[in-house]
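# Coordinate analysis (summary)
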Amino acid sequence: MEDNKTINEVADEKKKSKWKQLVKKFGIGGIIFFTVKGIITSALIYFLGKNFWTVISNYFTTLFD
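Below: a short report on this structure. It should be emphasised that the depicted structure is a prediction, and the values quoted were computed from it without experimental measurement.

Together, V23, I28, I32, V36, I40, L44 and L48 make up an exposed nonpolar region whose accessible area comes to about 650 Å². With respect to the element layout, V23 can be found in helix α2 (residues 18-64). Looking at V23, the relative accessible area reads 34%, which means it is partly exposed.

Now the structure itself:
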């Protein structure tokens, strides 16, 4: 019976929500930190990539004039 009980406990641990595991590992502050960091990184990549070719072309245009 004890073997069956431990198997059920292991199955229950696997059924726990991914969010609960992340909160337990990083805490609320850690999740907020990584979320804000991801948003800032995504915004920088988007805006810098959007203007990248314009900046490069202007640089070379002024360099050769």
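Working definition: an aromatic ring pair is given by the centre-to-centre distance plus the angle between the planes. Going through the model one piece at a time under the given rule, you end up with six aromatic pairs. Between F26 and F34 the ring centres are 5.5 Å apart and the planes differ by 70 degrees, which places this aromatic pair in the edge-to-face class. On the basis of relative accessible area, F34 is assigned to the partly exposed category, the value being 44%. For the ring pair F60 and F64, a centre distance of 6.3 Å and an interplane angle of 15 degrees mean the geometry is stacked. Of this pair, F60 and F64 both sit in helix α2, four residues apart, which is roughly one turn of that helix. For F64, a relative accessible area of 67% gives the class exposed. Connected via pairs of aromatic rings, a cluster forms that spans F26, F33 and F34.

Calculation notes
Residues numbered from 1 in each chain as written. Predicted model: local features only at pLDDT ≥ 70, side-chain atom pairs only at ≥ 80, totals over all residues. Heavy atoms only, no water. Patch = residues over 30% accessible without salt bridge, like charges linked within 9 Å, V, L, I, M, F, W, Y side chains within 5 Å. Areas by Shrake-Rupley, 256 points an atom, 1.4 Å probe, with all protein chains shown as cover. Salt bridge = Lys/Arg side-chain N within 4 Å of Asp/Glu carboxyl O. Helix = DSSP H or I, 4+ residues; strand = E, 2+ residues; numbered from the N terminus. Buried < 20%, exposed > 50% of the residue type's maximum accessible area, 1.4 Å probe, protein only. Phe/Tyr/Trp six-rings, centres within 6.5 Å; stacked < 30°, edge-to-face > 60°.

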